[in-house]
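# Chain and residue survey
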Amino acid sequence: MSAKQPLMKKLIFISRGDSSEVPHGEILLPGLTRAGWDIEVVAPGATKSLLHSIQPYSHQARELPQGGIRQELGMFRELLKARFGDYDVIYIHSQSLSARAYLALLGPLFGKKLVYHNPDYYDPFNHPFYSWFERRFCRKIDLYLPNEYHRAYVARAMYGLRCPIMIAPTVLPACWPFPPRDTAVRQEMCGGKDDNSFILILHGGYGEIRMVPELFEALRLLPKRFQLVMFDREHRKSEVDRKLDELGIADRVVRFPRMNVLQLARYTVNADAGVLLYQNNDLGNFFCWPGRLTEYLGAGLPVIATNHTALENLVWRYKLGVTVDSTKPAKLAEEIANLAEMVRSQELRGEALRQTFLDKLAFDHWEPGIVQHFENLLSSNIERTNSPPKFPWMPER
């Protein structure tokens, strides 16, 4: 088969992420369609895309099954179709897909360019299987899109990347809608208590990786007006019920069912602060830029965040809240109380936090540069070199 001349700007996007729950996987695709790209999206939930419902863009969508052997077979079939099909660019999204993509895309790609968008980071010491495949996969790629620049630097050093690198952070676009505050929703969130409550919100359910046991302990040390709202309430339900009863805080923790990012906004705007706590058990957590950050900031919420290098840099650089050693419940309680005082004194104001999101951290600020790199792929303005790519691969702030 002869190499195809890349003239059509035709791209296939393949992801294991559920497009109906989060917008971040497809975040680049509206900008690419505006630049004239013809796009096919293959992912779970692709025909019910959350991003497309807010930021419509022209594309064809095909569903991947949700989990199990059917998803594995469907994914491999789509990867082979991408390899032999009439595309200019194959766009692989998510680290867990890189091992499958390496196997399916062995051999020549017949002139196609390969883009790898990695919003995750599996520590090579904790996940040697993925790292072995990912290292070999990265030898084939023409553009690498990690979501955080410390992660990018580590990947460059460990994998010897020679292709261009651009940061594609896991953040919301400026157009993402946030409803107005609603007194009835706030009452639901604080269990009908008086509005003196200070409501912490955690986008997600119970888990050690997000330091929820330590958060429960900290809540026990705080006055009763401090409340916590969580989601995915069926996850480890009996275990969580028992812990809350043992700590005597069952009436201060409200749990809702699992929701997508758009549905979460209705509750987020009625909270007082967002929770971003992580274990320091691998490089992925130590160098994280969580999508939940702009989900909170877009709603005007400050954050209580773990003092890991990447996250602490963001919080302090843009004055987004407070950071803390989240392994120590007493210190965590102290900083939550400090955060509440900063909100009360208007040292941290919702309007200013939302404006920071719009002016500094919305995806719109990264999109033009990354879209231009896709254009350059076809014009051969960028290529692999024998030297490491330039650092730090981010727009000026």
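Since this is a predicted model, take the numbers as computed values, not measurements. (Residues numbered from 1 in each chain as written. Predicted model: local features only at pLDDT ≥ 70, side-chain atom pairs only at ≥ 80, totals over all residues. Heavy atoms only, no water.)

### Section: the confidence of the model for the chain
Considering every residue of the chain, the mean pLDDT works out to 90; 93% of them sit at 70 or more. Across the chain, strand β10 (residues 273-276) holds the top mean pLDDT of 98, while helix α11 (residues 283-286) sits lowest at 83. (pLDDT = per-residue confidence, 0-100. Helix = DSSP H or I, 4+ residues; strand = E, 2+ residues; numbered from the N terminus.)

### Some thoughts on helix α8 (residues 212-221)
By the burial criterion, the buried members of α8 are Val212, Leu215, Phe216, Ala218 and Leu219. Seen end-on, α8 carries its buried residues on one side only, within an arc spanning 165°. Buried residues belonging to α8 abut β8 (226-230), α9 (237-247), β9 (253-255), β10 and α14 (329-344). (Buried < 20%, exposed > 50% of the residue type's maximum accessible area, 1.4 Å probe, protein only. Arc of directions from axis to C-beta. Contact = heavy atoms within 4.5 Å.)

### With respect to the pairing of strand β6 (residues 143-146)
Here β6 shows a buried face lined by Leu143 and Leu145 and a second buried face lined by Tyr144 and Pro146. The pairing of strand β5 (residues 113-118) with β6 spans four bridges and is parallel. Across the sheet, residue Asn118 finds its bridge partner in β6, namely Pro146. Assessed by its sense of winding, the connection that carries the chain from β5 through helix α5 (residues 128-138) to β6 is right-handed. (Pairing = 2+ DSSP bridges. Right-handed = clockwise from strand over helix to strand, strands pointing away.)

### Some words on the packing of α8 against α9
For any two helices packed against each other, one specifies the crossing angle of their axes together with the interaxial distance. For the pair α8 and α9, the least separation of the axes is 10 Å and the interaxial angle reads 25°. Compared by their axis directions, α8 and α9 come out roughly parallel. Note that α8 runs across α9; the crossing there is right-handed. Contacts from Phe216, Glu217 and Arg220 in α8 reach Val240, Leu244 and Leu247 in α9. Within the contact of α8 with α9, the residues separate by chemical class into four nonpolar, no polar and two charged. (Axes fitted to C-alpha atoms, helices over the stretch in contact; angles between N-to-C directions. Parallel < 35°, antiparallel > 145°, perpendicular 65-115°, else oblique. Left-handed = near helix turned anticlockwise from the far one by under 90°. Nonpolar A, V, L, I, M, F, W, Y, C, P; charged D, E, K, R; others polar.)

### Section: the sheet that holds strand β3 (residues 60-63)
If you walk across this open sheet you meet the six strands as β3-β2-β1-β4-β5-β6, and the pairing is parallel. A single partner strand is all that each edge strand has here, and the edge strands are β3 and β6. In this sheet, adjacent strand axes meet at a mean angle of 15° when their direction is disregarded.

### Re the packing of aromatic side chains
Inspection of every chain in the model, using the stated rule, returns 18 aromatic pairs. Ring centres 6.1 Å apart and planes at 90° place the aromatic pair Trp37 and Phe374 in the edge-to-face group. Of the two residues, Trp37 sits in the loop between α1 (29-34) and β2 (38-43) while Phe374 sits in helix α16 (residues 367-379), which places them 337 residues apart along the sequence. Per residue, the accessibility class of Trp37 equals that of Phe374, and both read buried. (Phe/Tyr/Trp six-rings, centres within 6.5 Å; stacked < 30°, edge-to-face > 60°.)

### What about unusual backbone geometry?
A positive phi angle, near 55°, is found at Lys9, a position not held by glycine. With respect to the helices and strands, Lys9 occurs in the segment before β1 (10-15). With phi around 60°, Met211 is a residue other than glycine that occupies positive phi space. With respect to the helices and strands, Met211 occurs in the loop between β7 (198-201) and α8. A residue is classified by how much of its surface remains accessible, and Met211, at 3% relative accessible area, is buried.

### Regarding the nonpolar core
If you look at the biggest cluster of nonpolar residues, it comprises 101 residues, and the most contacted ones within it are Leu11, Ile92, Leu145 and Phe374. No other element matches α16, which puts five residues into this core. When near neighbours in sequence (up to four residues on either side) are disregarded, Phe374 contacts Leu11, Leu28, Leu32, Trp37, Val89, Tyr91, Val115, Leu143 and Leu145. (Core = buried A, V, L, I, M, F, W, Y, C linked by side-chain atoms within 4.5 Å.)

### A look at the sheet that holds β10
Backbone hydrogen bonds hold the strands of a sheet together, and the pairing may be parallel or antiparallel. What the six strands build is an open sheet, ordered β9-β8-β7-β10-β11-β12; its pairing is parallel. Single-partner strands in this sheet number two, and they are β9 and β12 (321-324). Going from strand to strand, the sheet's axes swing by 25° on average, the running direction of each strand aside. Strand direction decides the pairing type here: β8 and β9, joined by three bridges, are parallel.

### Structural notes on the layout of surface pockets
Of the volumes computed, that of the largest pocket is approximately 1500 Å³. Around the largest pocket, the lining comprises 48 residues; the ones closest to its centre are Val22, Asp120, Arg210, Gly291 and Arg292. Secondary-structure elements contributing two or more residues to the lining of the largest pocket are β1, α10 (261-268), α11 and α12 (292-297). Split into classes, the residues belonging to the lining of the largest pocket amount to 16 nonpolar, 20 polar and 12 charged. Of all the elements, helix α15 (residues 350-361) adds the most residues to the lining of the second largest pocket, at three residues. Considering only residue class, the lining of the second largest pocket consists of 10 nonpolar, four polar and six charged. (1 Å grid on protein atoms, 1.4 Å probe; cavity = no way out; pocket = protein on both sides within 12 Å on 5 of 7 lines; lining within 4 Å. Points joined across faces, edges and corners; volume = space filled by probe spheres on them.)

### Observations regarding the pattern of salt bridges
Any two side chains of opposite charge can pair if their charged atoms end up close together. This model, assessed by the stated rule, comprises 20 salt bridges. A salt bridge links Glu40 to Arg62; the shortest N-O distance between them is 2.7 Å. Of the two residues, Glu40 sits in strand β2 while Arg62 sits in strand β3, which places them 22 residues apart along the sequence. On the accessibility criterion, Glu40 (6% relative accessible area) is buried. What makes Arg62 partly exposed here is its relative accessible area of 22%. A salt bridge links Arg344 to Glu341; the nearest nitrogen and oxygen atoms lie 2.6 Å apart. Pair noted here: Arg344 and Glu341 are both in helix α14, with a separation of three residues, about one helical turn. On the basis of relative accessibility, which here comes to 60%, the residue Arg344 falls in the exposed class. For Glu341, a relative accessible area of 37% corresponds to the partly exposed category. Taken together, the salt bridges that share partners define one network made up of Arg16, Glu72 and Arg100. (Salt bridge = Lys/Arg side-chain N within 4 Å of Asp/Glu carboxyl O.)

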